[in-house]
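# Architecture and fold: a report
Okay, here's what each chain looks like letter by letter:
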Amino acid sequence: MCGIIGYIGSRDATPILLESLKKLEYRGYDSSGVAVLDHHPHLIVRKSKGKIKNLEELLCTKPVPFSNLGVSHTRWATHGLPCDENAHPHTDNAHRIAVVHNGIIENYAQLKEKLKRQDCHFVSQTDTEVIAHLISVLYKGDLKTAVYKAIAQLKGAFAIGVISKDHPDLLVAARVGSPLIIGLGDKENYIASDVPAILDRTRRVIYLKDGQVAFLSKDKVEVFTFEGKKVTPKIDTVSFSIGSAQKDGYDHFMLKEIHEQPQVLSAMLKYRLPKGKLKLEGLTVSDEILNSIKKITIVACGTAYHAGLVGKYIIEDMARLMTEVDTSSEFRYRKPIVDKNTLIIAVSQSGETADTLAAVREAKAQGAKVVSICNVIGSSLARESDGVLYTHAGPEIGVASTKAYTAQLMMFYLLGLKLAHTRHAVTPARLKRLVKDLQNIPYLYKGLLKKRSMILKIAEANSHFGCFLYLGRNINYPTALEGALKLKEISYIPAEGYAAGEMKHGPIALIDEYRAVVCVALQSHVYEKMISNIQEIRARKGNVIAIATEGDKEIAHHAHYVIDIPAVEELLTPLLAIIPLQLIAYYIAVKRGNDVDQPRNLAKSVTVE
Ligand code: M6R
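Residues numbered from 1 in each chain as written. Predicted model: local features only at pLDDT ≥ 70, side-chain atom pairs only at ≥ 80, totals over all residues. Heavy atoms only, no water.

## Overview of the overall build of the protein chain
Each helix and strand counted, the protein chain has 18 helices and 25 strands in total. For the protein chain, the C-alpha radius of gyration of 26 Å lies close to 25 Å, the compact-globule estimate for 609 residues. Seen through its C-alpha atoms, the protein chain measures out along the principal axes to roughly 80 × 55 × 45 Å. Put simply, 72% of the contacts in the protein chain that link residues at least 6 apart link residues at least 24 apart. (Helix = DSSP H or I, 4+ residues; strand = E, 2+ residues; numbered from the N terminus. Rg over C-alpha atoms; globule rule 2.2 N^0.38 Å. Contact = heavy atoms within 4.5 Å.)

As structure tokens, this is what we get:
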């Protein structure tokens with residue numbers, strides 16, 4: 001993962017680098033650093049463990065001089081603990097070359113051994129440091145040649161930014177497998193891991209391609225292939241804006257984003273279902289193709305994968321079309337059966353998840369059409385897909401995904417309507433009813449969110465449990481998975497989601513009076529089965545929190561706590577059932593004093609495999 005940014009121009013690099021770096025913190029936040037050239041010229045490096053604010057504090061006590069050239073980095077550790085030494089930029093022993101890197105150098109151990117034999121002294125445990133030493137040993141006075149020779153020896157994924165004290169007018173960038181863009185300014189240029197980092201400075205960007213290297217001065221940008229062939233890069237003018245994300249009085253972005261869900265869904269419906277008429281702009285796949293496909297394969301990771309699991313139930317129910325779901329990291333390595341009759345749906349909030357991008361490339365190579373459901377406009381996934389359905393949920397800052405998830409669910413319902421209609425899979429009357437029920441969901445959210453103080457009490461009363469199980473059946477089995485993921489990622493409490501019917505096949509061994517079990521037990525055709533599962537938990541002294549349907553009088557006899565949600569058609573319940581689970585996770589994490597928006601070990605966007 002990690003975020004990188006570089007600047008060359010006439011202004012002071014450091015404040016520009018820091019401002020842009022903060023916009024990349026979603027890519028990792030365990031340490032950060034900056035390297036600039038002073039006027040001697042010397043390389044001046046400052047690094048600090050922890051969030052970017054620690055680096056800012058360090059720069060106050062140990063300022064760096066005015067400089068027209070610099071690179072900066074925010075890290076998510078892959079090789080080596082988060083600490084000052086492992087923070088980027090990394091330098092060679094002569095302190096001539098500084099490197100920032102996003103990705104993983106897979107052959108770093110072999111290179112390190114070789115470089116040690118050439119008297120290179122390593123000060124970090126990172127894979128990145130080998131790049132600095134490698135460029136240094138290959139350096140014979142020409143940085144460009146040394147970088148060419150070095151990248152020819154690197155295996156794995158990398159986006160790098162390189163500067164040298166011998167070349168105050170040169171910023172070098174290269175990429176394979178990790179994103180890197182170039183921002184074109186007025187007598188100044190930038191490199192960055194993504195567009196938002198530089199959007200308030202320039203809108204003219206070059207998306208560097210895999211196997212390309214770029215040489216930037218303040219007046220010029222030249223792009224070459226790794227083989228040295230000059231290319232004329234396409235310059236894109238970015239038209240989208242990044243809404244500035246503020247907490248608006250909420251204690252955390254996550255809580256704000258939970259509360260934004262009614263507006264997000266309401267705006268989506270207004271845009272996608274005006275006057276009840278479906279408008280799937282961006283889908284780009286013709287009705288003829290939608291009619292002819294034999295199978296849908298959904299690929300995604302984490303929360304987006306859970307949205308995909310719900311998507312399977314929706315599409316199979318509404319369109320009667322075989323749908324499989326795979327985590328992107330499994331799909332890409334499992335010899336998937338994909339052909340021109342398969343439609344791939346890739347789901348990703350960020351559109352930068354490395355495994356999902358790799359899965360999409362694999363599927364496209366096998367002839368499949370790819371439609372992505374994506375939140376970030378202009379992201380790599382959006383650019384690489386044949387069609388893109390933007391969720392327009394706005395910037396999601398909390399690492400734990402909430403509004404992006406419900407927006408992804410809503411997009412699956414809309415896609416389900418489209419497929420059902422095109423393939424004549426449901427009656428017009430049912431379609432009409434579904435449209436009406438979907439349009440009512442944002443209003444139901446408002447009422448549901450008003451129950452937050454009751455949910456807070458239940459969460460606090462259960463926050464001492466050391467282990468949680470989440471159980472659901474049918475279309476709310478993925479809800480259980482997502483509820484468990486939310487809890488574990490921000491509260492650090494071990495939590496597992498299971499299909500309730502699987503409980504007897506192993507997980508029931510976990511149940512005793514020290515466990516909390518969250519059961520999604522809504523009025524549905526599997527309600528009685530859920531009640532039996534709850535009884536089995538109670539018989540083993542487990543503590544039950546039930547998510548039930550408003551008006552259910554019976555459930556209180558079975559569960560210790562009941563949180564009820566409005567009654568809607570079973571197919572639509574995942575949209576509502578997840579809300580209390582998001583709030584339970586949030587309040588437990590707050591009660592435990594955790595950093596809710598930036599939980600330990602995680603990053604908002606996972607750009608390494
Ligand atoms: O950006 P993406 O939707 O592709 O990210 C996928 C996962 O990394 C993400 O959903 C992750 O699981 C979240 N932290 C969950 O809250």
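## Overview of helix α3 (residues 108–117)
Structurally, the α-helix is built with 3.6 residues per turn, so residues lying three or four positions apart point the same way. Listed in full, the buried residues belonging to α3 are Leu111, Lys112 and Leu115. When α3 is viewed along its axis, its buried side chains cluster within an angular range of 105° and face the same direction. Turned more than 90 degrees away from the buried face of α3 sit Gln110 and Arg117, all of them exposed. In this structure, the buried side of α3 is in contact with β6 (97–105) and α4 (129–138). Phi turns positive one or two residues past the end of α3, at Asp119, with a value near 70°. (Buried < 20%, exposed > 50% of the residue type's maximum accessible area, 1.4 Å probe, protein only. Arc of directions from axis to C-beta.)

## Here's the deal with the pairing of strand β12 (residues 212–216)
Burial runs high along β12: 5 of the 5 residues are buried. Side chains Gln212, Ala214 and Leu216 of β12 all project onto a buried face; the interleaved residues Val213 and Phe215 project onto the opposite face, where all are buried too. Judged from the 5 bridges that link them, strand β8 (residues 171–176) and β12 form a sheet pairing that is antiparallel. In the sheet register, Ala174 faces β12, and the bridge partner there is Val213. Bridging between β12 and strand β13 (residues 221–225) involves 5 bridges; their strand directions are antiparallel. Each bridged residue has a counterpart across the sheet, and for Phe215 the counterpart in β13 is Glu222. Counting the residues in the hairpin turn of β12 and β13 gives 4 residues. (Pairing = 2+ DSSP bridges.)

## Let's talk about the environment of Lys234
Along the chain, the position of Lys234 falls in the loop between β14 (230–231) and β15 (236–237). Excluding anything up to four places from it in sequence, Lys234 contacts Val205 and Ile206. A distance of 2.9 Å separates a polar atom in the side chain of Lys234 from a polar atom in the side chain of Asp236. (Polar contact = N/O pair within 3.5 Å; in protein donor to acceptor, adjacent residues only side chain to side chain.)

## Looking at the site of the ligand
Lining the immediate environment of the ligand, one finds 14 residues, of which Ser348, Gln349, Ser350, Thr353 and Glu489 sit closest. Side-chain polar atom of Lys486 to an oxygen atom of the ligand: 3.0 Å apart, as the coordinates give it. Relative to its unbound accessible area of 410 Å², the ligand is 91% covered by the protein chains. Contributing elements (two or more residues each) for the shell around the ligand: α9 (302–319) and α16 (477–491). Looking at which element gives the most residues to the shell around the ligand, the answer is α9, with 3 residues. (Near = heavy atom within 4 Å. Areas by Shrake-Rupley, 256 points an atom, 1.4 Å probe, with all protein chains shown as cover.)

## What to know about the sheet that holds strand β22 (residues 495–499)
Taken in spatial order, the 5 strands make up an open sheet running β22-β21-β23-β24-β25, and their pairing is parallel. The open sheet has two free edges, formed respectively by β22 and β25 (561–565), since each of these has just one partner strand. Within this sheet the neighbouring strands show an average axis-to-axis angle of 20°, counted without direction. Sheet analysis places strand β21 (residues 468–472) next to β22, joined by 5 bridges and oriented parallel. Its bridge partner being in β22, Leu471 is matched across the sheet by Tyr498. Set on the sheet, helix α15 (residues 452–462) makes contact with β21, β23 (516–520), β24 (543–549) and β25; between it and β25 the angle comes to about 145°. (Axes fitted to C-alpha atoms, helices over the stretch in contact; angles between N-to-C directions.)

## Quick word on the nonpolar core
The biggest cluster of nonpolar side chains holds 93 residues, and the ones touching the most others in it are Ile296, Ile345, Tyr413, Leu417, Phe468, Tyr470 and Leu575. With 13 residues, the single largest contributor to this core is helix α18 (residues 573–591). Counting residues domain by domain, this core receives three or more from each of domain 2 (253–439) and domain 3 (451–596). If we skip the residues at most four places from it in the chain, Leu417 touches Leu273, Leu278, Met318, Leu431, Leu434, Val435 and Leu438. (Core = buried A, V, L, I, M, F, W, Y, C linked by side-chain atoms within 4.5 Å. Domains from an automatic or database assignment.)

## Remarks on the pairing of β13
Extensive coverage of β13 is indicated by the burial of 4 of its 5 residues. Judged from the 2 bridges that link them, β13 and β14 form a sheet pairing that is antiparallel. Each residue of the ladder has a partner; that of Phe224, found in β14, is Lys230. Where β13 folds back on β14, the antiparallel hairpin that results is connected by 4 residues, among which Gly228 adopts a positive phi of roughly 95°.

## Brief notes about the side chain of Glu396
Here Glu396 shows up in the loop between β20 (387–390) and α13 (403–422). With relative accessibility at 5%, the residue Glu396 sits in the buried group. At a separation of 3.0 Å, a polar atom in the side chain of Glu396 contacts the side chain of Ser401. Of the polar contacts made by the side chain of Glu396, one reaches the backbone nitrogen of Lys403; its length is 3.3 Å. Excluding its chain neighbours within four sequence positions, the residues that come into contact with Glu396 are Glu257, Gln349, Ser401, Thr402, Lys403, Ala404 and Lys604.

## Thoughts on the domain arrangement of the protein chain
Splitting the protein chain by domain gives domain 1 (3–243), domain 2 (253–439) and domain 3 (451–596). One C-alpha centre belongs to domain 1, the other to domain 3, and the line joining them spans 45 Å.

## Comments concerning the packing of aromatic side chains
With the rule as written, the count across this model stands at 7 aromatic pairs. Each ring, one from Phe215 and one from Phe224, has its centre 5.7 Å from the other, and the planes form 50°; the classification is tilted. Aromatic ring contacts, followed pair by pair, group Tyr148, Phe215 and Phe224 into a single cluster. The ring of Tyr207 carries the charged tip of Arg383 above its face, separated from the ring centre by 3.6 Å. Against the face of Tyr492 rests Arg600, its NZ or CZ located 3.9 Å from the ring centre. (Phe/Tyr/Trp six-rings, centres within 6.5 Å; stacked < 30°, edge-to-face > 60°. Lys NZ or Arg CZ within 6 Å of the ring centre and 35° of its normal.)

## Description of the pattern of salt bridges
Under the defined criterion, the tally for this structure stands at 31 salt bridges. Taking the shortest distance from any N to any O, the salt bridge between Lys418 and Asp287 comes out at 3.0 Å. Of this pair, Lys418 sits in helix α13 while Asp287 sits in helix α8 (residues 287–292), placing them 131 residues apart in sequence. Residue classification places Asp287 among the partly exposed residues on the basis of a relative accessible area of 38%. Glu396 is the salt-bridge partner of Lys604, the closest N and O atoms lying 2.6 Å from each other. Taken together, the residues span a long stretch of sequence, with Lys604 in the segment after α18 and Glu396 in the loop between β20 and α13 at a distance of 208 residues. Each of the two residues, Lys604 as well as Glu396, counts as buried. A single network of salt bridges, built from pairs that share partners, joins Asp248, Lys256, Glu260 and Lys403. (Salt bridge = Lys/Arg side-chain N within 4 Å of Asp/Glu carboxyl O.)

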